[in-house]
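Each chain, written out:
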Amino acid sequence: MKVRKISSHITKLEVTIGIKFSAWLVEAADGVTIIDAGLPFMGKAILREARKLGKVKAVLLTHGHGDHVGGLPYIAREEHIPVYAHKIELPYIEGEIPFPGKKKPENLVGAGLVQPLPTDENNQLLPIQGLIPYLTPGHSPGHVVYYHPVDSVLISGDLFTSKRGKLQKPAKIFTPDMTEAIASGVIVKKLRPSLVSITHSKDVHHAYEHIDQYLQQR
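Definitions and limits used
- Residues numbered from 1 in each chain as written.
- Predicted model: local features only at pLDDT ≥ 70, side-chain atom pairs only at ≥ 80, totals over all residues.
- Heavy atoms only, no water.
- Pairing = 2+ DSSP bridges.
- Helix = DSSP H or I, 4+ residues; strand = E, 2+ residues; numbered from the N terminus.
- Salt bridge = Lys/Arg side-chain N within 4 Å of Asp/Glu carboxyl O.
- Buried < 20%, exposed > 50% of the residue type's maximum accessible area, 1.4 Å probe, protein only.
- Contact = heavy atoms within 4.5 Å.
- Lys, Arg positive; Asp, Glu negative; His and termini not counted.
- Polar contact = N/O pair within 3.5 Å; in protein donor to acceptor, adjacent residues only side chain to side chain.
- Axes fitted to C-alpha atoms, helices over the stretch in contact; angles between N-to-C directions.

Asks: What is the right way to read the sheet that holds strand S13 (residues 195-197) from this model?
Replies: Strands pair in a sheet through their backbones, by hydrogen bonds, and they do so in one of two ways: parallel or antiparallel. Sheet architecture is open: 5 strands sit in the order S8-S9-S10-S13-S14, paired in mixed fashion. Two strands lie at the open edges of the sheet, namely strand S8 (132-135) and strand S14 (204-205), each paired on one side alone. Judged from the 3 bridges that link them, strand S10 (residues 153-155) and S13 form a sheet pairing that is parallel. Note that in S13 the partner of Ile 155 across the bridge is Ser 197.

Given below as structure tokens:
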């Protein structure tokens, strides 16, 4: 596993098997937050690296596809910490209904293991562990990105891929609503992060400089 410090508070963990699979560790004064849990065999290494940085406080999921929750059973078994995803995503993760584009549901995690991200009285997502979550559907119904305002880093999960230093559309075969996914990319225009960190591709600096071109693909 490749361990890369991508900003003052964020470490990216990468495994390449044909394509790249990633998870993130976010440091704060009171401990470490894991974002995504990769493939099943990645769980042990993710937790090992997280413990090196401090007390592990929580796991946040960008979405519930198997390559983002695979290591979760191991982490949950070893650390009794809360796990969060958007409430829209929960019935798909728990196998109640199939993900869009899939014929059969996938029982990826046990019922009750993942809880909904906290919201306010207007049903807006609240900041959590020093990160600001934003709903960015399209790749999955409850896909979420996490913005670290201090480091100006957007942890984007599968909202994008990249090529030659520019944002590209997410993988078509795994994205049931590409129009919605591309539209969700407007979050980069709104936040103007210095770095967009991507699960399956190289990270992109100053993506806001070409986000209008990306959004025109709709």
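Asks: I tried to follow the pattern of salt bridges on my own but got confused; where do I start?
Replies: Any two side chains of opposite charge can pair, given that their charged atoms come close. Applying the stated criterion to the full structure yields 10 salt bridges. In this structure, Arg 4 and Glu 14 form a salt bridge, with 3.1 Å as the shortest nitrogen-oxygen distance. Separated by 10 residues along the polypeptide, Arg 4 in strand S1 (residues 2-5) and Glu 14 in strand S2 (residues 10-17) bring together distant segments of the chain. Taking the relative accessible area as the measure of exposure, Arg 4 reaches 26% and is therefore partly exposed. Overall, the relative accessible area of 5% leaves Glu 14 in the buried class. Taking the shortest distance from any N to any O, the salt bridge between Glu 14 and Lys 20 comes out at 3.6 Å. As far as burial versus exposure is concerned, Glu 14 and Lys 20 are alike and both buried.

Asks: When you look at helix H1 (residues 43-53) in this model, what are you seeing that I'm missing?
Replies: Residue pairs spaced three or four apart in an α-helix point in one direction, given the helix's 3.6 residues per turn. The complete set of buried residues in H1 reads Gly 43, Ala 45, Ile 46, Leu 47, Glu 49 and Ala 50. As for H1, its buried residues are in contact with S1, S2, strand S3 (19-28), strand S4 (31-35), strand S5 (56-60) and helix H3 (72-78). A positive backbone phi angle near 150 degrees is found at Gly 54, which sits one or two residues after H1.

Asks: Just to check I follow, could you spell out the side chain of Glu 94 for this structure?
Replies: In this fold, Glu 94 is placed in the loop between helix H4 (90-93) and strand S7 (114-116). Buried and without a salt bridge, Glu 94 has Lys 87 as its closest oppositely charged side chain, separated by 14 Å. A distance of 3.2 Å separates a polar atom in the side chain of Glu 94 from the backbone nitrogen of Gly 112. The residues touching Glu 94, leaving out its near neighbours within four places in the chain, are Glu 106, Asn 107, Val 109, Gly 110, Ala 111, Gly 112 and Val 114.

Asks: Explain unusual backbone geometry to me, please; I cannot follow it from the model alone.
Replies: Glycine aside, residues mostly have negative phi, and peptide bonds are mostly found in the trans state. We note that Gln 129 has phi near 50 degrees; this positive angle belongs to a residue other than glycine. Looking at the secondary structure, you find Gln 129 in the loop between S7 and S8. Phi at His 206 takes a positive value of approximately 50 degrees, unusual for a residue other than glycine. With a relative accessible area of 33%, His 206 lands in the partly exposed category.

Asks: Sorry if this is basic, but what is going on with the sheet that holds S2 here?
Replies: One open sheet holds the 7 strands; their spatial order is S1-S2-S3-S4-S5-S6-S7, and the pairing between them is mixed. Two strands in the sheet have a free side with no partner beyond their single neighbour: S1 and S7. Going across the sheet, the axis of each strand differs from the next one's by a mean of 30 degrees, ignoring polarity. Docked against the sheet, H1 engages S1, S2, S3, S4 and S5, running at close to 25 degrees with respect to S3.

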